[in-house]
Amino acid sequence: MDTQNVGKAHTGGICPPDDEQCLKLEKAAIKIQAWWRGNVVRRTLLHAALRALVIQCWWRSVQAKTLEQRRRLALRVYTCQEWAVVKVQAQVRMWQARRRFLQARQAACVIQSYWRWHASQTRGLIRGCYEVRASRLELDIEILMT
């Protein structure tokens, strides 16, 4: 029974206007209708809240996935840049080491050439001793080769 129907029934002549029993029934019907409508509204709100919760959970998972993808992409870019820096540093260090090696080799070649020139100038120096005796000359010759 609807409140409007109860009101119509009350005014329509089903219940006399001064009947207490009828007024109690009308108030009880109004209370039952209010309780039922409250239950329906609460159930509807509960369903709406649950649906909103499901949508929120889905949206948060989508956001977490995109955030994770962005984080991984940033990590990949960072590692690529770091590897590039390491490779460039390695190339520069290799170039510096090679340049120092070539300079040292050139210096060694210069030192060796001067040493060889010096050794060739002193090589073959005739060392010996000689003695003059009464009728002949004795000569001991030693040739040093280094």
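Rules used throughout
- Residues numbered from 1 in each chain as written.
- Predicted model: local features only at pLDDT ≥ 70, side-chain atom pairs only at ≥ 80, totals over all residues.
- Heavy atoms only, no water.
- Patch = residues over 30% accessible without salt bridge, like charges linked within 9 Å, V, L, I, M, F, W, Y side chains within 5 Å.
- Areas by Shrake-Rupley, 256 points an atom, 1.4 Å probe, with all protein chains shown as cover.
- Salt bridge = Lys/Arg side-chain N within 4 Å of Asp/Glu carboxyl O.
- Helix = DSSP H or I, 4+ residues; strand = E, 2+ residues; numbered from the N terminus.
- Buried < 20%, exposed > 50% of the residue type's maximum accessible area, 1.4 Å probe, protein only.
- Phe/Tyr/Trp six-rings, centres within 6.5 Å; stacked < 30°, edge-to-face > 60°.

Chemist: Please explain a nonpolar patch on the surface as it appears in this structure.
Modeler: A surface patch of nonpolar side chains, about 440 Å² in accessible area, is lined by Ile32, Trp35, Trp36 and Val40. Inspection of the secondary structure assignment puts Ile32 in helix H2 (residues 20–122). Look at Ile32 and you get exposed, because its relative accessible area is 55%.

Chemist: Sorry, what's going on with the packing of aromatic side chains here?
Modeler: The description of an aromatic ring pair uses the distance of the two centres, along with the angle that the planes make with each other. Under the defined criterion, the tally for this structure stands at two aromatic pairs. Arranged with centres 6.2 Å apart and planes meeting at 50°, the rings of Trp35 and Trp36 form a pair that is tilted. A residue is classified by how much of its surface remains accessible, and Trp35, at 52% relative accessible area, is exposed. When the centroid spacing of 6.0 Å and the interplanar angle of 45° are considered together, the rings of Trp58 and Trp59 count as tilted. Residue classification places Trp58 among the exposed residues on the basis of a relative accessible area of 53%.

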